[in-house]
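Analysis of the macromolecular model
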Amino acid sequence: MSSSWFDQLESQLEQQLEAFLGNHPGQQELLELEELQERQRRLRQRRLQIQAQAEQLRQALLQIASEITQWQERVQRARVAGAQELAGRAEAHQGQLMGQGRDRWQQLGELGKEFARVEQELQELEQRPRPGSGRPASRPAAAAAPPAEADLEQAWADFESRQELEELRRRSRPSST
């Protein structure tokens with residue numbers, strides 16, 4: 001059976017993008033740079049989320065620790081007063097709180113591991129050579145120009161390429177009329 005219209009459209013767009021990138025070699029580097037920056041942004045956002053979750057867990061642990069101490073005192077007071085049944089119930093509740101505390105510690109440990117993974121990945125991305133950091137060899141005029149002029153030339157070429165890419169996208173979209 002033939003592929004769906006969506007698959008055909010996706011294939012056509014992929015071919016047009018490849019043709020565009022073939023005609024504008026600097027755009028591939030620009031796309032790679034944008035992908036790298038987006039990945040870094042997502043990792044930084046996740047790092048902030050992990051830090052917020054860890055702080056919430058720390059606060060919960062402090063609260064649980066306070067409650068455990070309070071229930072330890074209650075268990076002792078009940079035992080001293082001879083209220084063994086009440087002391088047993090209080091001790092069971094204290095055990096439940098301790099279980100909750102262990103769960104929170106485990107969650108905090110998992111967050112710590114995830115934070116370390118995110119940090120390592122961010123460091124690797126930041127140490128990776130950035131796409132486009134070297135000038136393409138096919139641009140002798142820009143290489144011979146003064147640095148500010150070369151940057152302006154590159155910026156202008158990038159602008160024109162983005163404009164062409166946007167026009168290509170507009171023409172490739174099915175009309176909604």
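Since the structure is predicted, the reported quantities are computational estimates derived from the model, not experimental observations. (Residues numbered from 1 in each chain as written. Predicted model: local features only at pLDDT ≥ 70, side-chain atom pairs only at ≥ 80, totals over all residues. Heavy atoms only, no water.)

**Observations regarding the overall build of the protein**
- In terms of helices and strands, the protein carries five helices and zero strands.
- Reading the protein from its N terminus to its C terminus gives the helix and strand order α-α-α-α-α.
- Of all 177 residues assigned to the protein, the portion counted as buried reaches 22%.
- Contacts in the protein between residues at least 24 apart in sequence constitute 74% of all its contacts with a sequence separation of at least 6. (Helix = DSSP H or I, 4+ residues; strand = E, 2+ residues; numbered from the N terminus. Buried < 20%, exposed > 50% of the residue type's maximum accessible area, 1.4 Å probe, protein only. Contact = heavy atoms within 4.5 Å.)

**Quick notes on helix α2 (residues 25-80)**
- The terminal C-alpha atoms of α2 lie 83 Å apart, and with 56 residues this matches the ideal 82 Å at 1.5 Å per residue to within 8%.
- Positive backbone phi, at 85°, marks Gly82, one or two positions downstream of α2. (Expected span 1.5 Å × (residues − 1).)

**Remarks on the packing of aromatic side chains**
- If you walk through the whole model with that rule in mind, you get one aromatic pair.
- Here Trp5 and Phe6 contribute two aromatic rings whose centre-to-centre distance is 6.1 Å and whose plane-to-plane angle is 90°, an arrangement assigned as edge-to-face.
- Overall, Phe6 belongs to the partly exposed group, its relative accessible area being 48%.
- Taking NZ or CZ as reference, Arg74 lies 4.4 Å from the ring centre of Trp71, over its face. (Phe/Tyr/Trp six-rings, centres within 6.5 Å; stacked < 30°, edge-to-face > 60°. Lys NZ or Arg CZ within 6 Å of the ring centre and 35° of its normal.)

**Section: a negative patch on the surface**
- The grouping of Asp7, Glu10, Glu14 and Glu18 at the surface amounts to a negative patch.
- Among the structural elements, Glu18 can be located in helix α1 (residues 5-23). (Patch = residues over 30% accessible without salt bridge, like charges linked within 9 Å, V, L, I, M, F, W, Y side chains within 5 Å. Areas by Shrake-Rupley, 256 points an atom, 1.4 Å probe, with all protein chains shown as cover. Salt bridge = Lys/Arg side-chain N within 4 Å of Asp/Glu carboxyl O. Lys, Arg positive; Asp, Glu negative; His and termini not counted. Charge placed at Lys NZ, Arg CZ, Asp CG, Glu CD.)

**Some points on the packing of α2 against helix α3 (residues 84-127)**
- In the contact formed by α2 and α3, the axes pass within 8 Å of each other and the chain directions differ by 160°. Taken as axis vectors, α2 and α3 run roughly antiparallel relative to one another. The crossing of α2 and α3 is left-handed.
- Grouping the constituent residues of the contact of α2 with α3 by class yields 24 nonpolar, 10 polar and 13 charged. (Axes fitted to C-alpha atoms, helices over the stretch in contact; angles between N-to-C directions. Parallel < 35°, antiparallel > 145°, perpendicular 65-115°, else oblique. Left-handed = near helix turned anticlockwise from the far one by under 90°. Nonpolar A, V, L, I, M, F, W, Y, C, P; charged D, E, K, R; others polar.)

**Topic: α1**
- In this model α1 runs 27 Å from its N-terminal to its C-terminal C-alpha over 19 residues, within 8% of the 27 Å that 1.5 Å per residue would give.
- Those residues of α1 that fall on the buried side of the exposure criterion are Leu9, Phe20 and Leu21. All buried residues of α1 lie within an arc of 105° about the axis, which places them on one face of the element. For α1, the exposed residues lying more than 90 degrees away from the buried face are Gln15, Glu18 and Gly22. (Arc of directions from axis to C-beta.)

**So, the environment of Leu61**
- Structurally, Leu61 can be placed in helix α2.
- A sequence separation of 36 residues divides Leu61 from Leu97, and the C-alpha atoms of the two residues are 10.0 Å apart.
- Discounting chain neighbours no more than four positions away, the residues touching Leu61 are Gly101, Arg104, Trp105 and Leu108.

**Description of the nonpolar core**
- Core analysis: the largest hydrophobic core is formed by 11 residues, namely Leu36, Leu43, Ile50, Ala54, Leu57, Leu61, Leu108, Leu111, Val118, Leu122 and Leu125.
- Where this core is concerned, the elements lending two or more residues are α2 and α3.
- In terms of residue count, the dominant contributor to this core is α2 (six residues).
- Contact partners of Leu57, with chain neighbours within four places excluded, come to Arg104, Gln107, Leu108 and Leu111. (Core = buried A, V, L, I, M, F, W, Y, C linked by side-chain atoms within 4.5 Å.)

**Details of the confidence of the model for the protein**
- With 77% of its residues at a pLDDT of at least 70, the protein reaches an overall mean of 82.
- The least confident element of the protein is helix α4 (residues 140-144), whose mean pLDDT is 42; the most confident is α3, at 94.
- Low pLDDT, under 50, characterises residues 135-145; the stretch is placed with eight contacts to residues that sit more than four places away or in other chains. (pLDDT = per-residue confidence, 0-100.)

**Some remarks on the packing of α1 against α2**
- Orientation of α1 relative to α2, taken along the N-to-C sense of each, is 115°, at an axis distance of 4 Å. With respect to each other, α1 and α2 are oriented roughly perpendicular. Of α2, the residues touching α1 (which contributes Phe20, Leu21, Gly22 and Asn23) are Pro25, Gln27, Gln28 and Leu31.
- Residues belonging to the contact of α1 with α2 are distributed by class as follows: four nonpolar, four polar and no charged.

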